[in-house]
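Listed below are the residues making up each chain.
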Amino acid sequence: MTALDPSGGDTVQCSCTGCRSTIVKCKNYAFEKVCNWCVTTDSDGQNQLCRSCELTNVIPDLSVEGNKQRWAKLEEAKRRMLYTLDLLNLSFDSQNGQLPLSFEFKGDPIVGHNWHHLAGGGQVFTGHANGVITINIQEADSVQREQTRIQMGEDLRTLVGHFRHEIGHYYWERLVAGRSESEFVSLFGDHTNPGYAEAKDAYYANGPAVDWEQHYVTKYASMHPWEDFAETFAAYQDIISMLDTAGHVGLIEPVDLTAQTSSLISTYQRLGMAVNELNREMGLLDPVPFVLTGAINQKVDFIHALVRGA
Ligand SMILES: [Zn+2]
Ligand SMILES: [Zn+2]
């Protein structure tokens, strides 16, 4: 966190030593109050969208009550996820022919309106396809989200968790597909057999394998190797962001995030037990519900190497 020195008009100066950049609030900060990032500016002082906001291609319908607040919560979770990607030096820009990343925040059709043109109900599914991450804005409602969490038997269901999961699918396309697929298959299983649709049907018909906890970070990860990668990638970001923040607030010694996976995990396990106990003390859910077994640690190690290599 840094102070902003007013420098006349709408522009301010960053007070960081050696920076002193002239900056201006992101357009969505200045006018919509759904962002808190700034952008550097040339002398005209125009409010542009920041690098987080410019990735959002579809925003919720702001004529619907509550959607502005839902949008703000979605952007907040997205910025937190992007901040971790920056910590990891993991690029999410679309230069050099890389898969462009974008976000669509959409709501289900409202019952009682005329939505005849939406054949098949037009229900919005949270997911990733070709660089486009879609989030159903219902996930920004804490009551809805908790209801879904219990129905699905999940230990944790959070907005930032959705972003960390979906960006895992994005990086599978960018870093694994056609590059390190054989190593991926040896750890996560063959993603071509059974195919995704078949695996999904089987998962919802039969549930997870009885010994899923030995091999997977969550039940859902056992559905298909792609979901396993996304869930493990999300857990990896949990590890990195928790260690970074815990180091900054003085709970632990600052952590070198490029250290060996085993060292990161052992610090994270000690921290995880502590924060779980603190949450239980206050009657809250465990923020670190998963148990990292040897098989899971190998997958985390693969992801750590993949990220460092990128
Ligand atoms: Zn912004
Ligand atoms: Zn997924």
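For clarity, every value in this text was computed on a predicted model and none was experimentally measured.

Student: Can you break down the side chain of S241 residue by residue, with the values?
Tutor: Tracing the chain through its elements places S241 in helix 8 (residues 225-248). Each residue touching S241, except ones within four places of it in the same chain, is listed here: T84 and R164.

Student: Please give an account of the sheet that holds strand 4 (residues 38-40) that cites residues and values.
Tutor: In any sheet, the strands associate via hydrogen bonds between backbone groups, in a parallel or an antiparallel arrangement. Strand order in the open sheet made by the four strands is 1-2-3-4, with antiparallel pairing throughout. The sheet terminates laterally at strand 1 (4-6) and strand 4, the two strands that pair on one side only. Pairwise comparison of adjacent strand axes, ignoring direction, gives a mean angle of 45 degrees for this sheet. Sheet topology places strand 2 (residues 11-14) next to strand 3 (residues 22-25); three bridges connect them, and they run antiparallel. Within strand 3, the residue paired with T11 across the bridge is V24.

Student: An account of the domain arrangement of the chain is requested, with residue identities and associated values reported.
Tutor: The domain boundaries assigned to the chain delineate domain 1 (4-50), domain 2 (51-172) and domain 3 (178-310). Facing the nine residues of domain 1 at the interface are 11 residues of domain 2. With both sides pooled, the region where domain 1 packs onto domain 2 buries about 940 Å², and carbon together with sulfur makes up 64% of that total. The three residues of domain 1 that bury the most area against domain 2 are V34, W37 and C50, which together make up 61% of that side's buried surface. Run the count over domain 1 and domain 2 and you get one salt bridge. With a closest N to O distance of 3.3 Å, E32 and K68 form a salt bridge. Taken together, the connections running from domain 1 to domain 2 amount to six residue pairs in polar contact (both at pLDDT 80 or more). Class assignment for the residues of the side of domain 1 that touches domain 2 results in six nonpolar, two polar and one charged.

Student: Any details on the pairing of strand 6 (residues 102-106)? Residues and values, ideally.
Tutor: Across the five residues of strand 6, four count as buried, placing the element largely inside the fold. Bridging between strand 5 (residues 56-58) and strand 6 involves two bridges; their strand directions are parallel. If you follow T56 over to strand 6, its bridge partner there is F103.

Student: Talk me through the packing of helix 4 (residues 159-176) against helix 8; I want residue IDs and the actual numbers.
Tutor: The N-to-C vectors of helix 4 and helix 8 enclose an angle of 110 degrees; their axes lie 8 Å apart at closest approach. Judged on the interaxial angle alone, helix 8 and helix 4 are roughly perpendicular. The handedness of the crossing between helix 4 and helix 8 is right-handed. In this structure, helix 4 uses R164, H165, I167, G168, H169, Y171, W172 and V176 to contact helix 8, whose residues at the interface are W226, E227, F229, A230, E231, F233, A234, Q237, D238 and S241.

Student: Talk me through the coordination of the zinc ion (ligand 2); I want residue IDs and the actual numbers.
Tutor: Taken together, H165 (NE2), H169 (NE2) and E227 (OE) make up the full set of protein donors to the zinc ion (ligand 2), lying 2.0 Å away. One chain supplies every donor for the zinc ion (ligand 2), spaced along it as H-x3-H-x57-E. Taken together, the positions of H165 and H169, both in helix 4 and four residues apart, correspond to about one turn of that helix. Exposure class is identical for H165 and H169. Each is buried.

Student: Got a sec to walk through the packing of aromatic side chains? Specific residues and values, please.
Tutor: Here the structure, examined in full by the defined rule, presents 17 aromatic pairs. A centroid spacing of 5.6 Å and a plane angle of 65 degrees characterise the contact between W172 and W226, whose relative ring orientation is edge-to-face. One end of the pair, W172, is in helix 4; the other, W226, is in helix 8, and 54 residues separate them in sequence. Given the relative accessible area of 7%, W172 is considered buried. Judged by its relative accessible area of 30%, W226 is partly exposed.

Student: So, the coordination of the zinc ion (ligand 1): which residues are in play, and what are the values?
Tutor: Coordination of the zinc ion (ligand 1) by the protein involves C26 (SG), C35 (SG), C50 (SG) and C53 (SG), with metal-donor separations of 2.3 Å. Coordination at the zinc ion (ligand 1) is tetrahedral, judged from the four donor atoms that bind it and the angles of 107 to 112 degrees they form at the metal. Here the donor residues of the zinc ion (ligand 1) share one chain and are spaced in sequence as C-x8-C-x14-C-x2-C. A residue pair is termed long-range when its members are at least 10 positions apart, and C35 in the loop between helix 1 (27-30) and strand 4 and C50 in the loop between strand 4 and strand 5 qualify at 15 residues. Assigned by exposure class, C35 and C50 land together as buried.

Student: Can you lay out the environment of A246 for me, pointing to particular residues and giving the numbers?
Tutor: Relative to the assigned elements, A246 resides in helix 8. On the accessibility criterion, A246 (4% relative accessible area) is buried. For the pair A246 and Y268, spaced 22 residues apart in the sequence, the C-alpha separation amounts to 9.7 Å. Once residues lying within four places of it in the same chain are set aside, the contact partners of A246 are L251, I252 and L271.

Cut-off values and rules
- Residues numbered from 1 in each chain as written.
- Chains lettered and ligands numbered in written order.
- Predicted model: local features only at pLDDT ≥ 70, side-chain atom pairs only at ≥ 80, totals over all residues.
- Heavy atoms only, no water.
- Helix = DSSP H or I, 4+ residues; strand = E, 2+ residues; numbered from the N terminus.
- Contact = heavy atoms within 4.5 Å.
- Pairing = 2+ DSSP bridges.
- Axes fitted to C-alpha atoms, helices over the stretch in contact; angles between N-to-C directions.
- Domains from an automatic or database assignment.
- Buried area = accessible area lost by both parts, 1.4 Å probe.
- Salt bridge = Lys/Arg side-chain N within 4 Å of Asp/Glu carboxyl O.
- Polar contact = N/O pair within 3.5 Å; in protein donor to acceptor, adjacent residues only side chain to side chain.
- Nonpolar A, V, L, I, M, F, W, Y, C, P; charged D, E, K, R; others polar.
- Buried < 20%, exposed > 50% of the residue type's maximum accessible area, 1.4 Å probe, protein only.
- Parallel < 35°, antiparallel > 145°, perpendicular 65-115°, else oblique.
- Left-handed = near helix turned anticlockwise from the far one by under 90°.
- Donors = N, O, S within 2.8 Å, 3.2 Å for Na, K, Ca; no water.
- Phe/Tyr/Trp six-rings, centres within 6.5 Å; stacked < 30°, edge-to-face > 60°.
- Tetrahedral: all angles 85-135°; square planar, octahedral: opposite > 155°, others 65-115°.

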